Amino acid sequence: MNKCKNVCILLGSQDLEGNTAAMCKNAAAFLENMKIKYKIYDLYNEEMDYVLFEIVRYDVVIIATPIHSFYCSDAVKEFMDIVFEDERFLSDAEEDSAQVKCGIMVSHGYDEAYAAEPFETGFSRWCEHVGLDYYGSLSIRDTGDKEVFSRADSLKKIEMFVSGICGISDEKTEWYISGENFYLTDACENKKTFDRLFNLYMYELSAYAEWMGECMTDDAVFIPDKLSEYYEMEEKKPFIIKYKGRTAGLVVFLFPDRKKEHDEADFYIEEIFILRAYRKKHIAAGIIRELWKKNHGICAVCALKKNEVSVKFWDKIIENSGYEYTVEEEEDIFFYRINVK
Ligand SMILES: Cc1cc2nc3c(=O)[nH]c(=O)nc-3n(C[C@H](O)[C@H](O)[C@H](O)COP(=O)(O)O)c2cc1C
């Protein structure tokens, strides 16, 4: 299946901070990382005719709705009715059927089958009628705890649903990490924020490595060349860490091209930095565990010897993982090689 190029997400909930909106935001974060273009249309605030005019440009349409009285929200129903009557869709269906993939993300209060089945049935019939290729549905239950929609299992479900409908193969997502209340977004999509985070990170590290302090430019930028290296080198994967939707730090992975060079590791965690306000929430440990779930082989990491907190952190997480590892002591650093299985 070919990877899609352009995804349209229709948000069909009135509550822009609610559960359905959270599903859309998490789906959008994943698409951003996969470098797939997308746009979210808010069905309660956009003109329906405009949305209708727009959606023919997309090759994937995801409709997100809360379940209301065992069916979709009134805005989604209105949208479906307009499409039902729109001849453009019906005539397209006859000539060139099943081109645009369409799927639903639903949030509901009752258990899944009882809550979502009537709408899923109606929706798949509607797709057939208007000539859309029905892909399937993703549903997440509202348990009364708002955070359910940003939890690890929900993020995984969203990631799998979006990967499936967009034709993204598994190997492309090796570095895409999400977990308990956090996810990563591609730094190249928001260089300004990443640059600022990196500067804070370097300043903090300069407490343990004096040479870093000397590498600051007069306009207070630390090691500016490093940033372009992150943005330009295919092997480097720089990310902004989001925790409950807020910017919480940065992480950079390196996946060397094994065909081109013989490296001492299969992948590296080059940098990881959590802002002070978000420490002690196990975010860094969560990211590393998720990375190790998806990637096996030798993982290399180094810690500045003087940075005792960092050394303790790595010792603990590596020890607890149960993987075999080696530590080499160099002048200023400990160099860890972990055999992730
Ligand atoms: C008017 C109304 C009707 C609802 N009807 C159902 C229903 O029939 N079945 C169900 O499982 N949940 C029902 N719910 C619960 C919502 O689907 C659920 O709380 C959803 O996550 C809300 O999403 P939102 O935060 O985007 O509004 C209903 C909620 C409201 C406000």
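The structure contained in this document is the topic of the report that follows. (Residues numbered from 1 in each chain as written. Predicted model: local features only at pLDDT ≥ 70, side-chain atom pairs only at ≥ 80, totals over all residues. Heavy atoms only, no water.)

Take the nonpolar core next. With 84 residues, the main nonpolar core has F194, F253, W292 and W314 as its most contacted residues. Take this core: its biggest share by element is eight residues, from helix α1 (residues 19-33). Core analysis: the next-biggest nonpolar cluster, separate from the first, contains 29 residues, L43, C72, F79 and A116 among them. (Core = buried A, V, L, I, M, F, W, Y, C linked by side-chain atoms within 4.5 Å. Buried < 20%, exposed > 50% of the residue type's maximum accessible area, 1.4 Å probe, protein only. Helix = DSSP H or I, 4+ residues; strand = E, 2+ residues; numbered from the N terminus.)

Glancing now at the pairing of strand β8 (residues 236-243). Burial analysis of β8 places eight of its eight residues in the buried class, which makes it a mostly covered element. Of the two faces of β8, both are covered, the one formed by K236, P238, I240 and K242 as well as the one formed by K237, F239, I241 and Y243. With five bridges connecting them, strand β7 (residues 182-186) and β8 associate as antiparallel partners. Paired with D186 across the strands is F239, a residue of β8. From the end of β8 to the start of strand β9 (residues 246-254), which pair antiparallel, there are two residues, and K244 there has a positive phi angle of about 50°. (Pairing = 2+ DSSP bridges.)

Another aspect to go through is the site of the ligand. As a matter of local geometry, the ligand sits amid 15 residues, with N19, T20, I67, Y110 and D142 nearest to it. Within the backbone of S69, an N or O atom sits 3.0 Å from a nitrogen atom of the ligand. Within the side chain of D142, one N or O atom sits 2.6 Å away from an oxygen atom of the ligand. Starting from 650 Å² of accessible surface for the ligand in isolation, the protein chains cover 69%. Those elements giving two or more residues to the shell around the ligand turn out to be α1 and β4 (101-108). (Near = heavy atom within 4 Å. Polar contact = N/O pair within 3.5 Å; in protein donor to acceptor, adjacent residues only side chain to side chain. Areas by Shrake-Rupley, 256 points an atom, 1.4 Å probe, with all protein chains shown as cover.)

Of all residues except glycine, most have a negative phi; of all peptide bonds, most are trans. One non-glycine residue, K35, lies in the positive phi region at around 60°. The residue K35 is located in the loop between α1 and β2 (37-42) in this model. The residue H282 is not glycine, and still its phi comes out positive at about 60°. Given the relative accessible area of 65%, H282 is considered exposed.

With that settled, the discussion passes to helix α7 (residues 191-205). Its 15 residues give α7 an end-to-end C-alpha distance of 20 Å, which sits within 8% of 21 Å, the value for a rise of 1.5 Å per residue. All of the buried residues along α7 are T193, F194, L197, F198, Y201, M202 and L205. Around the axis of α7, the buried residues are gathered within 165° of arc, so they sit on the same side. Within α7, the exposed residues directed more than 90 degrees away from the buried face are K192, R196 and Y203. Along its buried surface, α7 packs onto α8 (210-214), α9 (224-232), β8, β9, β10 (267-274) and β11 (297-304). (Expected span 1.5 Å × (residues − 1). Arc of directions from axis to C-beta. Contact = heavy atoms within 4.5 Å.)

Let us look at the sheet that holds strand β12 (residues 324-329). Across a sheet, strands are paired by hydrogen bonds formed along the backbone, either parallel or antiparallel in direction. Read from one edge to the other, the open sheet built from eight strands follows the order β6-β7-β8-β9-β10-β11-β13-β12, with strand pairing classed as mixed. What marks the edges here is a single partner per strand, and that holds for β6 (178-179) and β12.

Here the focus is the pattern of salt bridges. Considering all chains together, one arrives at 17 salt bridges under this definition. Here K25 ties to E17 by a salt bridge, and the two come within 3.9 Å at their closest N and O atoms. With a closest N to O distance of 3.1 Å, R276 and E204 form a salt bridge. With a gap of 72 residues between them, R276 in the loop between β10 and α10 (283-294) and E204 in helix α7 connect regions that are remote in the sequence. The class of R276 is exposed, set by a relative accessible area of 62%. Members of the salt-bridge network, linked through shared partners, are K226, E229, K236 and E270. (Salt bridge = Lys/Arg side-chain N within 4 Å of Asp/Glu carboxyl O.)

Moving on, we come to helix α3 (residues 74-85). Relative to the 16 Å expected for 12 residues at 1.5 Å per residue, α3 spans 17 Å between its end C-alpha atoms, a close match to the ideal helical length. Buried within α3 we find A75, V76, F79, M80 and V83. Viewed end-on, α3 has its buried residues packed into an arc of 140°, placing them on one side of the element. Away from its buried face by more than 90 degrees, α3 exposes D74 and E85.

Note that all results are geometric; they support no functional claim without further evidence.
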